[in-house]
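# Architecture at a glance
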Amino acid sequence: MKPAPLLLALLMVAGGLLPATEAKRPNLLVIVVDDQSPFDLKLYNPRSTLETPHLDRLAQEGMVFDGAYHMGSFSGAVCTPSRHMIMSGRTLWHLPIAPLATQNGRCPPNLEHQTMPAVFNRAGYATMRTCKQGNSYEAANRLFAVRHDATRRGGTHESGSGWHGDRALDFLRQREAAKDRRPFLLYFGFSHPHDTRDGTPALLAKYGAVNHANPHSPPPAHPKQPALPLNYLPAHPFSHGHPGLRDEVAVSGVWKRRDEHTIRNELGREFACSENIDAHIGRVLARLEAMGELDNTCVFYTADHGIAIGRHGLQGKQNLYQHTWRVPLIAKGPGIRPRSRVEGNVYLLDLLATLCDLAGIPPPDTNEGTSFKPVLAGHRQTVRDVLYGAYSGGTKPGIRSVKRGDWKLIQYDVLHGAVRETQLFNLKDNPEEFLPQHHAPELARLTGATPAPHQTNLATDPRHAGKLAEMQSLLLAEMRRLHDPWRLWNQPDDGLTPPPDNRKSRPRKDNQKRP
């Protein structure tokens, strides 16, 4: 006996198979926090003491991505290109603010009219945004129908994350009062846990942290402070190529210090801010549930990029280790299998295409991202095989990375050739990206980690020379494919080259050879 058409349609909707245009279009809740390593969360790091009950519930009811990345930055303000990519679905070197992108015709004019708020406004969605002010894509942000942006990094409800939570709740209450039946796109951003990490007094006490204000001495030790990361170092073994970088030398509460007590206190502050964010996410999810809207809402939780805070002896987000290149990503909604976990291999720039796919609307022609709806529906485990990352916010060319399978390459060409380093990791064997410096006996006392001999940088190991050459070729291919305008010391000179009499890089002329 064949099922009735209505029953069949309901079954298809439940399985996430029916196009959104033939069913009720989903609401879209996109939650973006500022500066959060995935390894802050228990979901990614069982050693973590950070408590996030609402994110844990979101993961239990949805899908966790182990391979979500931001593509990188050409600016010390890593937030800025990352948030441009989220809004536009464009790759790093094709953004309107990317070096030479507009001049070389690699970014169309008036791109803001093809960004997330513009696309969903035209599709009949009610669009609303609350987030931090600045270091973002202002031309796109102002297109949200309702917008409440402000940087709130204080330790009270009104001066901190509670303010953003209140704005989201106001939008939902007004929607309910007006009996607005349009689907909504709610971009729910936070200003924390970006420094200055002034948590609420109760949560600071919970994690044994204080808002330290003396740059000349470490903060007091406290047994409730989070443990040092396993890959903690008191200093990075070489310069990362951005001298005087604010995030490494001027963050209030840390400054240049990398001692145990300073890092543990700063992690405590990070955790206090992150748990507070979790609480306000819980308020919004509870409101949606009370309104009967939650079951038809696709929820995405992520960060604009990761952060170091003592890992590898670094403090900021201007590096390409996994703690900083990766981002947390949790998704929940109709058709997403509860308690599921995937690699994904997605970029943040894939969000726009994915939201459009879920809503049953075409992505803009300017989009370069790939929808990961097939991953959400359980049809695929990954979107792509190769991942590329860049950081060139300091001296050029900067840092580049490529990953395929378990293998990852990072190369540094900075300080005008003074630092040229290569790192090769097998992430299955060495997920913490341990370096030779992590094998020092005195570090084991601080971190409790005793790396095995093979858990190290393998770039100089002759047994892996073939893999090194393979990954270097792959990196060059990705740099060419994505129009990376610079080249490293050991690559063909087909990008930007520094003139011999000038320490700054300059573009090659249009009539010069290009890849």
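Refer to the preceding data block for the structure.
Below is a summary of the structure that appears in this document. All values reported here derive from a predicted model rather than from experimental measurement.

### Here's the deal with the overall build of the protein
When its secondary structure is counted, the protein shows 14 helices and 15 strands. Taking 2.2 N^0.38 as the reference for a compact globule, 515 residues should give roughly 24 Å; the C-alpha atoms of the protein span a radius of gyration of 23 Å, in line with that estimate. By its C-alpha atoms, the protein is 70 × 60 × 45 Å across when sized along the principal axes. Counting all 515 residues of the protein, 59% fall into the buried class. Considering only contacts within the protein whose residues lie at least 6 apart along the sequence, 68% involve residues at least 24 apart.

### What to know about the sheet that holds strand E14 (residues 407–414)
Strands sit in the order E4-E12-E13-E14-E15 across an open sheet of 5 strands; the sheet is mixed. Taken across any chain shown, the strands that pair with only one partner, and hence form the sheet edges, are strand E4 (72–73) and strand E15 (419–426). Where E4 lies against strand E12 (residues 386–391), 2 bridges are found, and the strand directions are parallel. Paired with glycine 72 across the bridge in E12 is alanine 390.

### Description of the sheet that holds strand E6 (residues 146–149)
Pairing is mixed in the open sheet, where 8 strands are placed in the order E6-E5-E7-E1-E8-E9-E2-E10. The outermost strands of the open sheet, each flanked by one partner alone, are E6 and strand E10 (340–342). Averaged over all pairs of adjacent strands, the angle between their axes in this sheet comes to 10°, without regard to strand direction. Across 4 bridges, the pairing between strand E8 (residues 297–303) and strand E9 (residues 329–332) is antiparallel. Among the inter-strand pairings, threonine 302 is bridged to a residue of E9, identified as leucine 329. Helix-sheet contacts for helix H2 (residues 53–60) involve strand E2 (63–65), E8 and E9, and the interaxial angle to E9 is about 60°. Each of strand E1 (27–34), strand E7 (184–193) and E8 touches helix H11 (residues 351–359); the most contacted strand, E8, lies at about 175° to it.

### Things to note about the side chain of threonine 91
When you line up the elements, threonine 91 lands in the loop between helix H3 (79–88) and helix H4 (116–122). Judged by its relative accessible area of 7%, threonine 91 is buried. Residues within four places of threonine 91 in sequence aside, it is in contact with Met71, Met85, Leu349, Glu368 and Leu482.

### Comments concerning the state of the cysteines
Here a disulfide denotes a covalent bond joining the sulfur atom of one cysteine to the sulfur atom of another. Counted by the stated rule, this structure contains 0 disulfides. For the unlinked cysteine cysteine 298, the closest cysteine sulfur is that of cysteine 356, found at 13 Å. Look at cysteine 298 and you get buried, because its relative accessible area is 3%. Among the residues examined, cysteine 356 registers a relative accessible area of 0% and is labelled buried.

### Regarding the packing of H2 against helix H9 (residues 260–290)
In the contact formed by H2 and H9, the axes pass within 7 Å of each other and the chain directions differ by 55°. Taken together, the axis directions place H2 and H9 in an arrangement best described as oblique. Residue-level contacts link Pro53, His54, Leu55, Arg57 and Leu58 of H2 to Asp278, Ala279, Ile281, Gly282, Leu285 and Glu289 of H9. Its residues assigned to classes, the contact of H2 with H9 shows 6 nonpolar, 2 polar and 3 charged.

### Observations regarding the packing of helix H6 (residues 161–177) against H9
Two numbers describe how H6 lies on H9: the axes approach to 9 Å, and their chain directions differ by 5°. Considering the angle they form, H6 stands roughly parallel to H9. Between H6 and H9, the residues in contact are Ser161, Gly162, Gly165, Asp166, Ala168, Leu169, Leu172, Arg173 and Glu176 and Asn276, Ile277, His280, Arg283, Val284, Arg287 and Leu288, respectively. Per-class residue counts for the contact of H6 with H9 are 6 nonpolar, 5 polar and 5 charged.

### Observations concerning the packing of aromatic side chains
Considering all chains together, one arrives at 11 aromatic pairs under this definition. Seen from their ring centres, phenylalanine 171 and phenylalanine 184 are 6.1 Å apart, and the 85° between their planes marks the pair as edge-to-face. With phenylalanine 171 in helix H6 and phenylalanine 184 in strand E7, this pair connects stretches of sequence that are 13 residues apart. Of the two residues examined, phenylalanine 171 and phenylalanine 184, each falls in the buried class. Among the aromatic residues, those joined into a ring-pair cluster are Phe65, Phe300 and Phe372. Here the basic side chain of arginine 167 rests over the ring of tryptophan 163, its NZ or CZ set 4.9 Å away from the ring centre. Arginine 341 extends its terminal NZ or CZ atom over the ring of tyrosine 44, reaching a point 5.5 Å from the ring centre.

The rules behind each value
The residue numbers shown here count from 1 along each chain, following its written sequence. Whole-chain, interface and lining totals are the exception, using all residues; otherwise, since this is a predicted model, local features are given only for residues with pLDDT of at least 70 and side-chain atom pairs are given and counted only at 80 or more. Think of the side-chain values as coming from all heavy atoms in the structure, minus any hydrogens and water. What counts as a helix is a DSSP run of H or I of at least four residues, what counts as a strand is a run of E of at least two, and both are numbered from the N terminus. To get the radius of gyration, use the C-alpha atoms; to get the globule rule, take the number of residues to the power 0.38 and multiply by 2.2 Å. Between buried and exposed lies partly exposed: a residue is buried under 20% and exposed over 50% of the maximum accessible area for its type, with that area taken using a 1.4 Å probe on protein chains only. Note on contacts: a residue pair is in contact if any heavy atoms of the two residues lie within 4.5 Å. At least two DSSP bridges between two strands are required for those strands to pair. Every angle, taken between N-to-C directions, lies between 0 and 180 degrees, and every axis is a line fitted to C-alpha atoms, over only the stretch in contact when it is a helix. Pairs of cysteine sulfur atoms within 2.5 Å are identified as disulfides in what follows. Reported orientations rely on four angle classes, namely roughly parallel under 35 degrees, roughly antiparallel over 145, roughly perpendicular from 65 to 115, and oblique for the rest. Note on residue categories: nonpolar means Ala, Val, Leu, Ile, Met, Phe, Trp, Tyr, Cys or Pro, charged means Asp, Glu, Lys or Arg, and polar means any other residue, Gly included. Any pair of Phe, Tyr and Trp rings, taking the six-membered ring for Trp, is counted once the centres come within 6.5 Å. Such a pair is stacked with planes under 30 degrees apart, edge-to-face with planes over 60 apart, and tilted for the rest. Only Lys NZ and Arg CZ are tested; either one counts as a charge over a ring when it is within 6 Å of the ring centre and within 35 degrees of the ring normal.

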